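# Residue-level structure breakdown
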Amino acid sequence: MKTEYDIIVVGAGPAGSLAAKFAAEQGVSVLMLEKDRDVGYPVRCGEAVSMAGLKEFIEPDPKWIATEITKFSFISPDKTKIEVEFEGKGCILERKIFDYELANIAAKVGTDILTRAYVNGIISENGKTAGVKFEYRGEQKEVKSKIVIAADGVESRVGRWAGLKTHSDFRAMESGIQITASNINVDQNTCYFYWGNIYAPQGYLWVFPKGNGLANIGLAITGDIGKKRSALSYLNEFMETHYPNASLLSQVAGGIPFTPTLEKIVAPGIMLVGDAARQINPLSGGGIISGMIGGSIAGKVAGEAIINDALDSIFTYEKKWHDRLGKRHEMFNRIKNGIYNLTDEKYNNIAHDLKKIPKNKITLGQIAKTAVVNKPSLLLDVAKTFF
Ligand SMILES: Cc1cc2nc3c(=O)[nH]c(=O)nc-3n(C[C@H](O)[C@H](O)[C@H](O)COP(=O)(O)OP(=O)(O)OC[C@H]3O[C@@H](n4cnc5c(N)ncnc54)[C@H](O)[C@@H]3O)c2cc1C
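Below: a short report on this structure. Nothing here was measured: the structure is a model prediction, and the numbers come from that model.

Cut-off values and rules
- Residues numbered from 1 in each chain as written.
- Predicted model: local features only at pLDDT ≥ 70, side-chain atom pairs only at ≥ 80, totals over all residues.
- Near = placed C-beta within 6 Å.
- Helix = DSSP H or I, 4+ residues; strand = E, 2+ residues; numbered from the N terminus.
- Nonpolar A, V, L, I, M, F, W, Y, C, P; charged D, E, K, R; others polar.
- Domains from an automatic or database assignment.
- Buried ≥ 20, exposed ≤ 12 C-beta atoms within 10 Å, placed from the backbone.
- Pairing = 2+ DSSP bridges.
- Core = buried A, V, L, I, M, F, W, Y, C linked by C-beta atoms within 7 Å.

The next subject is the site of the ligand. The ligand sits among 36 residues. The nearest are Gly 11, Gly 13, Gly 46, Gly 274 and Gly 287. Counting residues per element, the ones that place at least two in the shell around the ligand are α1 (14–24), β3 (48–50), β7 (117–125), β10 (173–182), β14 (247–257) and α7 (288–307). Sorting elements by how many residues they give to the shell around the ligand places α1 first, with three residues. Its residues assigned to classes, the shell around the ligand comprises 15 nonpolar, 14 polar and seven charged. Counting only domains with at least three residues in the shell around the ligand, you end up with domain 1 (4–44 + 96–168 + 261–329) and domain 2 (69–91 + 170–257).

For the bond running from Tyr 41 to Pro 42, omega is 0°, close enough to zero to count as cis. Tracing the backbone shows Pro 42 in the loop between β2 (30–33) and β3. With phi around 55°, Arg 116 is a residue other than glycine that occupies positive phi space. By the secondary structure assignment, Arg 116 is in the loop between β6 (112–114) and β7. Overall, Arg 116 belongs to the partly exposed group, with 15 C-beta atoms counted inside 10 Å.

A few words now on the pairing of β10. The buried count for β10 comes to nine of 10 residues, which makes it a mostly enclosed element. Two strands pair when backbone bridges link them, and β10 and strand β13 (residues 214–222) are joined in this way by eight bridges, in the antiparallel orientation. Across the sheet, the residue bridging to Gly 176 is Ala 220, located in β13.

Another point: the nonpolar core. Judged by nonpolar contacts, the single largest core of 107 residues is most densely connected at Ile 7, Ala 19, Ile 149, Leu 219, Met 271 and Ala 302. Considering every element that reaches this core, the biggest residue donor is α7, with nine residues.

See below:
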């Protein structure tokens, strides 16, 4: 390990590995630090992604794809089921292997990676972030850098240490809980979404198949709701009523920031990516692909800033992110606020209206339109998503 790098990336999740890869392939020196013993473990994720999103960065490989997804099924509180063919196709990942592969790709283009390297502070010089302090194999270390990229996930502290406002509104921070269970008899190519207050108020519940009778089953609810009744108790009730014979293989919990991007994601010497920047899709809670996109933009901008000896140019990252996804996330956030406050009766009405449309003609666009008819104030935002 050198005592100084051009760029240090904190956190080896999808956002961190993509940032490291896009920076290192330009020939600058990059160090990526991961606090856990293993990259990609523990897995706190439903592991669902779109194929198109993946293909922008990596060729899909059966070794990290648990199952391919060709259909969505939406289930309303009165159990009306709406099925939609998912033309673009998606998949359920084996994230542990997938995250390993992304870190491997970053390493292949020259990134140095350390695991069990817990970043516990930053080095500041003249009001600018100039490196990190971390514990590695029982020893406290310091490494300097021109740029630090904070990819340290939803509980990110690096950005806060650098003076960025990373606090998210408690009401928009969802508590996610998920189990991986066996003996789940569902179609292996369908993702199931349960909407309504009986399943997950101000959120939703998912059943994502993982092949061989396994499934990730989880839900997310807002902090406000969680104060009254825990996410775990909603999940337990669902399992007892829907899959009483399931065996639980693992259980994880974690925060999901169903919020738009933080107001500022760059400060002198530091850039935030992925969950640390709140680059998650605030409507779906999906953050793997959007974190990879944020990481790739940040890594490219950071590498160019080093090569051109123009460190101030890292501020262009903010606009590039907003032009690519950030602005769409703001709109998704407004749609979410409308949809999540629907009553169970409205959810049922939407499902009944959709049932009247022939099965082979239902699209995601039609679902949005039908939701709008039941809640006209959503009209403008939904319309914008299609143009
Ligand atoms: C229950 C649940 C289900 C989800 N389901 C989905 C889904 O189906 N699809 C989807 O797209 N998204 C899903 N998400 C969201 C998705 O998991 C995240 O958006 C995604 O992992 C973000 O990637 P990231 O690289 O920003 O952060 P992470 O993947 O969280 O990676 C951050 C890394 O930083 C490391 N780190 C943290 N602090 C330090 C430190 N101080 N020093 C060194 N290293 C540090 C962590 O150990 C971790 O490896 C889900 C989230 C939850 C909680």
